[in-house]
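Summary of structural features
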2 protein chains.
Amino acid sequence: MQSDEPEDEVGAAGTSVDASRGQRRNGAATIYDVAERAGVAPSTVSRALSKPGRISAATEAKIRAAAEELNFRFNPMARALHTGRTQTIALVLADITNPVVFGIIRGAEKAASAEGYTLIIAESQESGDVEAAAVSRILPSVDGLVLATSRLASDRIRDIAVEKPVVLINRAVDDVAAILPNVSQGVTALLDHLDELGHRSLAYLSGPQVSWMSERRWENLLEGAESRGMGLVEIGPNVPTIEGGRAALRRVLAARVTAAVAFNDLIAIGLMKAAAESDVDVPNRLSVTGFDDIFGSELVVPALTTVRSELELAGQRAVEHLLAGLAGRTPEATDALSAELVIRMSTAAPAEPAVVG
Amino acid sequence: MQSDEPEDEVGAAGTSVDASRGQRRNGAATIYDVAERAGVAPSTVSRALSKPGRISAATEAKIRAAAEELNFRFNPMARALHTGRTQTIALVLADITNPVVFGIIRGAEKAASAEGYTLIIAESQESGDVEAAAVSRILPSVDGLVLATSRLASDRIRDIAVEKPVVLINRAVDDVAAILPNVSQGVTALLDHLDELGHRSLAYLSGPQVSWMSERRWENLLEGAESRGMGLVEIGPNVPTIEGGRAALRRVLAARVTAAVAFNDLIAIGLMKAAAESDVDVPNRLSVTGFDDIFGSELVVPALTTVRSELELAGQRAVEHLLAGLAGRTPEATDALSAELVIRMSTAAPAEPAVVG
DNA sequence: TTGTATGCGTTATCAA
DNA sequence: TTGATAACGCATACAA
């Protein structure tokens, strides 16, 4: 094991001058090193490099040259210690392996790095306790948080929002900023589609009990079904995974509905898998739909009809909103993200006329 | 906006004493606040909370109580400034939306948080320049890095490894630690399978030119094909996405092979999609295989035969290795991760006897 | 065992 | 415009 290898580092860094001063033990140059090399005071270096333009062009050039030669970079910790800003934000997710989060991560990462912020990712593994622990651990080192699909109680979220700025995704809590999809738009399009196809009786396969979004989708579904005179039954809660969807098939069949609306694509896919194994014909015997349009939804056979969420945009908006607030700008109003129905092969007209209850 | 709210905080902190000191402007309690409340010196607080046991039980209890009441937490930046350690590591990835990385992220996140480390995620978007910029930006604030599927030149990686400890995943560079799958094991199993089925002519759909892993797979494939007397042709480079696989169909058909071995599952899936659209029967007319066994590979129809990589374990091992080195422990030797062949529905005996070239 | 003093690298305040 | 200097919150060498 080679824990230290001083000769290498010095050899690579300094150009064979005396090794006594210059770089610190850490190997990284500081503003003192730059100041010495440029023949100015450390505070001048700080100014020149932090807020360019507020200094004489000549000295600034000298300082820049010296910084360049020493490969100087600001120490973020020292900076943060004084300013209280870490230039870091946290994204906390329920389940990293759920394809739903890919888009969110990518959008958030882009928006963050665009403004020079670093993104920290924490996973709650669908557990409120784990999430609380993770948040508590990273809270001191971030300037703000994006809570996506949080499993935390509303009160706890409010507590966090008091300490640091928070933006929610797919969750609403009083007085906390949130990026939300237009649920009613998506559900309306979905019900219209099913209605036109001739479906008269639906089942909703709900998600976890603590999922705010599952509840919202149910409410909208219920209202829409009522106004259209369609039958609707809730089956759940279901674990929001393929396995969870698989396990629900029996109850769906027993409910004698012609279409199943799943809380998310994972559940929908699981349901279709189980149906295929039981020789239940999707979509002719049973239509199946999901939400999110994750990777895999168009791969599965039959390809899944689903309500697409603009996940990447959600991640991006959330971070932008957070950063705007951090910068003292007034964040734009967060209008709902559009939810578009993607019609594929898992929905069709029911084989027989609607069952009369 | 209420930046300060002294009455609340002091009310909770000091017992109505003078309001001049107490909580800092930031709102967060410091060891000074705890020290004052417990009636001891700040350094004692630091000791009591940093290394429990090395202090009298009575004072420690007092200090813990005070810390609890003030909801004290160490300021990681202040700590890092002194120790040079941030308790943070970076995971840099080529493409966050590639399902391959889910496992890596999860494994890395678990291993990191298990030791109280925070994980930072950076994405290179398949670009060496973006990756270099990202690395350079986060380098000062992390204790070490895990480079997964790096698009960086070997020299650049060595440069980074001089500044901070680095562990690679799916990439080998001299003198840099790496977690690698057992490529030859996977390829051997794959070729055995194809050989038994009766395939005599294969195509390898390679990945990006800069992909070290694509090159390794090709080398093993070539060697194995030679020793088995099988024909093998390389088709590529291909963009490692579904689209990339789609685009390769024509050349695969033109090559008149009976089986296509794709660099990864995404390419394999794309190839199958294109095949389906062109009425090419997979697996009877063309067998297709992938690498990785990502989410979606068993969803697609026909379900994909592929060489599974232990991605989660790779992420975990990489972080553990890094952390062991950071802690001064000697990291365990990094033996190759096993690569298991998962036989599903995309491979079958060729419809006709092998084409004679 | 506990307290005092100092430094970590930066920014900001105040002089010059 | 530039320089000296005092925080920022914590860890540690040293003293008590």
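Residues numbered from 1 in each chain as written. Chains lettered and ligands numbered in written order. Predicted model: local features only at pLDDT ≥ 70, side-chain atom pairs only at ≥ 80, totals over all residues. Heavy atoms only, no water.

**With respect to the packing of aromatic side chains**
- This model, assessed by the stated rule, comprises five aromatic pairs over all chains.
- Between F102(A) and F102(B) the ring centres are 3.2 Å apart and the planes differ by 35 degrees, which places this aromatic pair in the tilted class. Taken together, the positions of F102(A) in helix α6 (residues 100-114) and F102(B) in helix α6 (residues 100-114) put the pair across two chains.
- Taking the relative accessible area as the measure of exposure, F102(A) reaches 6% and is therefore buried.
- Here the aromatic rings of Y204(B) and W218(B) are separated by 6.0 Å at their centres, their planes lie at 25 degrees, and the arrangement is stacked. Residue Y204(B) is located in strand β6 (residues 201-205), and its partner W218(B) is located in helix α10 (residues 212-228); the two are separated by 14 residues in the primary sequence.
- It is R79(A) that lies over the ring of F74(A); its NZ or CZ is 4.0 Å from the centre. (Phe/Tyr/Trp six-rings, centres within 6.5 Å; stacked < 30°, edge-to-face > 60°. Helix = DSSP H or I, 4+ residues; strand = E, 2+ residues; numbered from the N terminus. Buried < 20%, exposed > 50% of the residue type's maximum accessible area, 1.4 Å probe, protein only. Lys NZ or Arg CZ within 6 Å of the ring centre and 35° of its normal.)

**Side note on the domain arrangement of chain A**
Residue and element names in this part refer to chain A.
- We note that the domain assignment places domain 1 (1-84), domain 2 (85-179 + 312-335) and domain 3 (183-309) within chain A.
- For domain 2 versus domain 3, the distance between C-alpha centres works out to 28 Å.
- Listed as interface residues are eight residues of domain 2 and, on the opposing side, eleven residues of domain 3.
- Carbon and sulfur atoms supply 67% of the area that domain 2 and domain 3 bury against each other, a total of about 800 Å² over both sides.
- Contact with domain 3 buries surface across domain 2, with P99, R151 and N170 losing the most and accounting together for 47% of the total.
- The interface formed by domain 2 and domain 3 includes zero salt bridges.
- Linking domain 2 with domain 3 are zero residue pairs in polar contact (both at pLDDT 80 or more), by the criterion used here.
- Residues that form the side of domain 2 that touches domain 3 fall into these classes: three nonpolar, two polar and three charged. (Domains from an automatic or database assignment. Contact = heavy atoms within 4.5 Å. Buried area = accessible area lost by both parts, 1.4 Å probe. Salt bridge = Lys/Arg side-chain N within 4 Å of Asp/Glu carboxyl O. Polar contact = N/O pair within 3.5 Å; in protein donor to acceptor, adjacent residues only side chain to side chain. Nonpolar A, V, L, I, M, F, W, Y, C, P; charged D, E, K, R; others polar.)

**What about the nonpolar core?**
- In this structure, L91(A), L205(A), L91(B) and L205(B) are the most contacted members of the largest nonpolar core, which totals 146 residues.
- When neighbours within four sequence positions are excluded, L91(B) is seen to be in contact with I104(B), I105(B), A108(B), L119(B), I120(B), I121(B), A122(B), V146(B) and A148(B).
- Of all hydrophobic cores here, the second largest spans 38 residues; its members include A134(A), I160(A), V135(B) and L152(B). (Core = buried A, V, L, I, M, F, W, Y, C linked by side-chain atoms within 4.5 Å.)

**Side note on the protein's contact with DNA strand C**
- Taken together, 27 residues sit near DNA strand C, with S46(A), S43(B), T44(B), T59(B) and H82(B) positioned nearest.
- Each atom of DNA strand C within 4 Å of the protein belongs either to a base or to sugar and phosphate, the latter forming 59%.
- In this structure, a phosphate oxygen belonging to DNA strand C sits 3.1 Å away from a side-chain N or O atom of S50(A).
- Between DNA strand C and S56(B), the relevant distance is 3.0 Å, taken from a phosphate oxygen to a main-chain nitrogen or oxygen of the residue.
- Of all elements in the fold, only α2 (31-38), α3 (42-50) and α5 (76-83) of chain A together with α3 (42-50) and α5 (76-83) of chain B reach the threshold of two or more residues within the surface near DNA strand C. (Near = heavy atom within 4 Å.)

**Description of the sheet that holds strand β6 (residues 201-205) of chain A**
Residues and elements named next belong to chain A.
- Pairing is mixed in the open sheet, where six strands are placed in the order β7-β6-β8-β9-β10-β11. Where the open sheet ends on each side, the last strands, each with one partner, are β7 (231-235) and β11 (339-342). Taken over all neighbouring pairs, the strand axes of this sheet differ in orientation by 20 degrees on average, direction set aside.
- Note that strand β9 (residues 287-292) and strand β10 (residues 305-309) share four bridges and pair parallel. Bridge assignment links T289 to a residue of β10, and that residue is T305.
- Running at roughly 160 degrees to β7, helix α10 (residues 212-228) makes contact with β6, β7, β8 (259-262), β9 and β10 of the sheet.
- Seen against the sheet, helix α13 (residues 265-277) touches β6, β8, β9 and β10 and runs at an angle of roughly 155 degrees to β9. (Pairing = 2+ DSSP bridges. Axes fitted to C-alpha atoms, helices over the stretch in contact; angles between N-to-C directions.)

**Some remarks on α5(A)**
- The backbone nitrogen of M77(A) has a side-chain oxygen 2.8 Å away, supplied by the residue at the start of α5(A), namely N75(A).
- G84(A) sits one or two residues past α5(A) and shows a positive phi near 80 degrees.

**Quick look at the pairing of strand β2 (residues 118-123) of chain B**
All names here are of chain B.
- Where burial is concerned, most of β2 is hidden: six out of the six residues are buried.
- Where burial is concerned, the two faces of β2 agree: the one with T118, I120 and A122 and the one with L119, I121 and E123 are both buried.
- Judged from the six bridges that link them, strand β1 (residues 88-93) and β2 form a sheet pairing that is parallel. Note on β2: the bridge partner recorded for L93 is E123.
- Assessed by its sense of winding, the connection that carries the chain from β1 through α6 to β2 is right-handed. (Right-handed = clockwise from strand over helix to strand, strands pointing away.)

**Looking at the UniProt feature "domain: HTH lacI-type" (unreviewed entry) in chain A**
- Under the UniProt annotation, the feature "domain: HTH lacI-type" (unreviewed entry) is placed at residues 29-83 of chain A.
- The span residues 29-83 of chain A carries 71% helix and 0% strand; its end-to-end C-alpha distance comes to 20 Å. (UniProt positions renumbered as here; feature names shortened; annotations may be inferred.)

**Brief notes about the interface of chain A and chain B**
- Each partner contributes to the interface: chain A provides 50 residues, whereas chain B provides 51 residues.
- For the pair chain A and chain B, the summed buried area comes to about 4200 Å², and 62% of that belongs to carbon and sulfur atoms.
- Inspection of the chain A/chain B interface yields six salt bridges.
- For D95(A), the salt bridge identified is with R106(B), shortest N-O distance 3.0 Å.
- For the pair chain A and chain B, the interface holds 13 residue pairs in polar contact (both at pLDDT 80 or more).
- Among the secondary structure elements, those contributing two or more residues to the side of chain A that touches chain B are α5, α6, β2 (118-123), α7 (128-138) and α13 of chain A.
- Classifying every residue of the side of chain A that touches chain B by side-chain character gives 27 nonpolar, eleven polar and twelve charged.

**Observations concerning the sheet that holds strand β9 (residues 287-292) of chain B**
All names here are of chain B.
- Spatial strand order, β7-β6-β8-β9-β10-β11: six strands in an open sheet with mixed pairing. At either end of the open sheet lies a strand with only one pairing partner, and these are β7 (231-235) and β11 (339-342). On average, adjacent strands in this sheet sit at an angle of 20 degrees to one another, irrespective of strand direction.
- Along the sheet, helix α13 (residues 265-277) contacts β6, β8 (259-262), β9 and β10 (305-309); its crossing angle with β9, the most-contacted strand, is approximately 155 degrees.

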